[in-house]
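# Architecture at a glance
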Amino acid sequence: MTKNITDNSKRNLSLFLGCIAPNRYPGIESATRKVMERLGISLKELEGASCCPAPGVFQSFDKKTWLTLASRNLCLSESLDADILTVCNGCYATLADTNRILKEDPEAKAGVNEKLSEIGKEFSGKIEVRHIVEYLFREVSPEKVRDAVIHPLDLRVAVHYGCHLIKPAHERKLGSAENPSFFDELVEATGARSVEYEDKMACCGAGGGARSAVQDVALALTEKKLEHMQSANVDCIVDACPFCHLQFDQGQIELADRLGKEFNIPVLHYSQLLGLALGYSPEELGIHLNRIQNSEFYTKLGERAESRFPGRKLGAGAGIGKGGVPT
Amino acid sequence: MKHPIKTSESDPTFFEEIKEETGAEKILMCFNCKGCSTGCPVTDVVPQYNIKKLLRMSAMGLRDRVLNSEHLWYCTTCFRCQERCPEGVKTVDTMLKLRSIAVKNGVMLPAHKKIAEYVMRTGHGVPIDEQNRKKRKELELDELPGTVHSCPEALEEVRHLIKACGFDRLVGFDQQSLA
């Protein structure tokens, strides 16, 4: 993946929350707001935004409804003259695909606008849809992220891209879907090491409505993925999507309940990992609100990977590495 | 063979309906290489699940077998097969079209229906709950996110669009019960 030739970093951005981040893992929302502010990127509020709507159910049930509800969210950002930033692969899939389909297909656009006119809105197609990981890579760069780090993390990380961040590859234009590297580069910018593991690009199991309707199937995929991560002896999982996040975090509880299988691998959204490296405490980033709590992980956060930042004078960071599970 | 296909089972109108999705006609290009099912993470854990089989049955017009197959709902839409297909078959896009044909014929799983109803009722597929209101406050975020949850007029817009698209009737949801 290469950087954009044109400079899109000057364009306005709005924050699209979706459902799972604000309503199940608010730590991801909190971390996103904190790290973006620290990096000097302001986010406009997208008042009145709804569910993206969920691609697994809505795209499966009725494409027209899926496009229409998604286009309303896009209109909200259009009226702020802002590109729309998602922190979720599912929202990214719905919003980016809808934006593209409506820009390319005049018939689909006319159909959606006929419905939107009833609520006084119109899709014009003047904004872009961004994902926080893709945005940070292209518009900020791993080097600049690295420059902002004050608490280099000494962690072995299992990076989970998730499916809809990079696929369909032809539409996402983020390079190889089989062997991408941009997310790993951003993770390594925090000092952490992205560790190779078996079938790294496999799905978490949650998507397509599988988690809600065929949970055994979804969990079987999750179990396999967790086994591969565990074999690589990682300290935590880092994802780009609250739904993958939920599947790994809540899924570990479900696997323990159903099969008595314990993994106990902490799960962080990239915004939370970056937040730690920028000196925020696990409590400020809501990491202590995850289902999986691993005291060894919190101790590990106190170890600083200074050697990965030679010649840099680094700050102290707040409240990290006191050891033990935060209360 | 346990369930031999009878020619009388084939319904040519099924393929016509599938073709409404741009690119879905490419299922005719499949030459059985099995690249899709070989890499499928679901097939990996449920060996009987086979996306190639579902798509081939669709190309053959086997409407009832496809629409009533529980496997129709196993795909996580990871897109690995669609990326890898050497013939450019739109495997996942077609799977989604098959699902929407099933829904039109009244086949939908209760868990999915529930999520659709949550969106109609609250504007969120996963709405806020008590526990997460508390978590938000602890994190010094507004107790309710600034989404449809804080904006009744916005929720009305969402409901209006759902009705205008006929989605409430499709799912069999009575909007009167919201009042």
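Residues numbered from 1 in each chain as written. Chains lettered and ligands numbered in written order. Predicted model: local features only at pLDDT ≥ 70, side-chain atom pairs only at ≥ 80, totals over all residues. Heavy atoms only, no water.

### Focus on the pattern of salt bridges
Applicable threshold: Only one rule defines a salt bridge in this text: a Lys or Arg side-chain nitrogen within 4 Å of an Asp or Glu carboxyl oxygen.
Applying the stated criterion across every chain, the model contains 37 salt bridges over all chains. Where salt bridges share partners, they join E29(A), R33(A), E45(A) and R136(B) into one cluster.

### Some thoughts on the interface of chain A and chain B
Formally: The contact rule is simple, with two residues in contact once any of their heavy atoms fall within 4.5 Å. By convention, the term buried area covers the 1.4 Å-probe accessible surface removed from two parts as they join, with the contributions of both added. Here a polar contact means two N or O atoms within 3.5 Å. Within protein one must be a hydrogen donor candidate and the other an acceptor candidate, and residues neighboring in sequence count only if both atoms are side-chain atoms. The way it works is that DSSP assigns letters per residue, a run of H or I at least four long becomes a helix, a run of E at least two long becomes a strand, and they are numbered from the N terminus. Residue polarity follows a fixed list, in which Ala, Val, Leu, Ile, Met, Phe, Trp, Tyr, Cys and Pro are nonpolar, Asp, Glu, Lys and Arg are charged, and the others, Gly among them, are polar.
Each partner contributes to the interface: chain A provides 66 residues, whereas chain B provides 58 residues. Together chain A and chain B conceal approximately 5100 Å² of surface at their shared face, both sides included; 64% is due to carbon and sulfur atoms. Contact with chain B buries area across many residues of chain A, yet N23(A), R24(A) and F61(A) alone supply 14% of it, more than any other trio. Our count for the chain A to chain B interface comes out at eight salt bridges. Taking the shortest distance from any N to any O, the salt bridge between E157(B) and K121(A) comes out at 3.2 Å. At the surface where chain A touches chain B, the tally comes to 25 residue pairs in polar contact (both at pLDDT 80 or more). Taken together, the elements giving at least two residues each to the side of chain A that touches chain B come down to α1 (20–23), α2 (26–38), α3 (55–61), α4 (63–79), α6 (106–117), α11 (210–213) and α12 (215–231) of chain A. Residues of the side of chain A that touches chain B, tallied by class, amount to 30 nonpolar, 19 polar and 17 charged.

### Notes on the confidence of the model for chain A
Detailed reading of predicted coordinates is not advised where the pLDDT is low. For the record, the criterion: Along the chain, pLDDT gives the predictor's confidence residue by residue, from 0 to 100.
The share of residues in chain A with pLDDT of 70 or more is 94%, and the mean pLDDT across the chain is 94. The low-confidence segment residues 321–327 of chain A (pLDDT under 50) makes 15 contacts with residues lying over four places distant or belonging to another chain.

### A look at the packing of aromatic side chains
Our working rule: Two aromatic rings from Phe, Tyr or Trp, using only the six-membered ring of Trp, form a pair when their centres are within 6.5 Å; if the ring planes differ by under 30 degrees the pair is stacked, by over 60 it is edge-to-face, and anything between is tilted. When accessible area is computed with a 1.4 Å probe and restricted to protein chains, residues below 20% of their type maximum are described as buried, those above 50% as exposed, and intermediate ones as partly exposed.
Under the definition given, this model contains eight aromatic pairs over all chains. With a centroid separation of 4.9 Å and an interplanar angle of 25°, the aromatic rings of F58(A) and F167(B) are classed as stacked. Of the two residues, F58(A) is situated in helix α3 and F167(B) in helix α11 (residues 167–171); the pairing between them involves two chains. F167(B) matches F58(A) in its accessibility class, with the two residues each being buried.

### A short note on the layout of surface pockets
For the record, the criterion: Using a grid of 1 Å spacing that covers the protein atoms alone, one calls a set of points a cavity when a 1.4 Å probe fits there but cannot get out, and a pocket when the set is open and has protein on both sides within 12 Å along at least five of seven lines; lining residues are those with an atom within 4 Å of a point. Grid points are joined across faces, edges and corners, and a volume is the space filled by probe spheres set on the points.
In this structure, the largest pocket occupies an estimated 1300 Å³ of space. Along its surface, the largest pocket is lined by 46 residues, and K63(A), W66(A), I101(A), E21(B) and T22(B) are the ones closest to its centre. Looking at the lining of the largest pocket, the elements that each hand over two or more residues are α3, α4, α5 (89–104), α6 and α9 (169–172) of chain A together with α6 (80–84) and α7 (91–104) of chain B. For the lining of the largest pocket, the residue count by class is 15 nonpolar, 13 polar and 18 charged.

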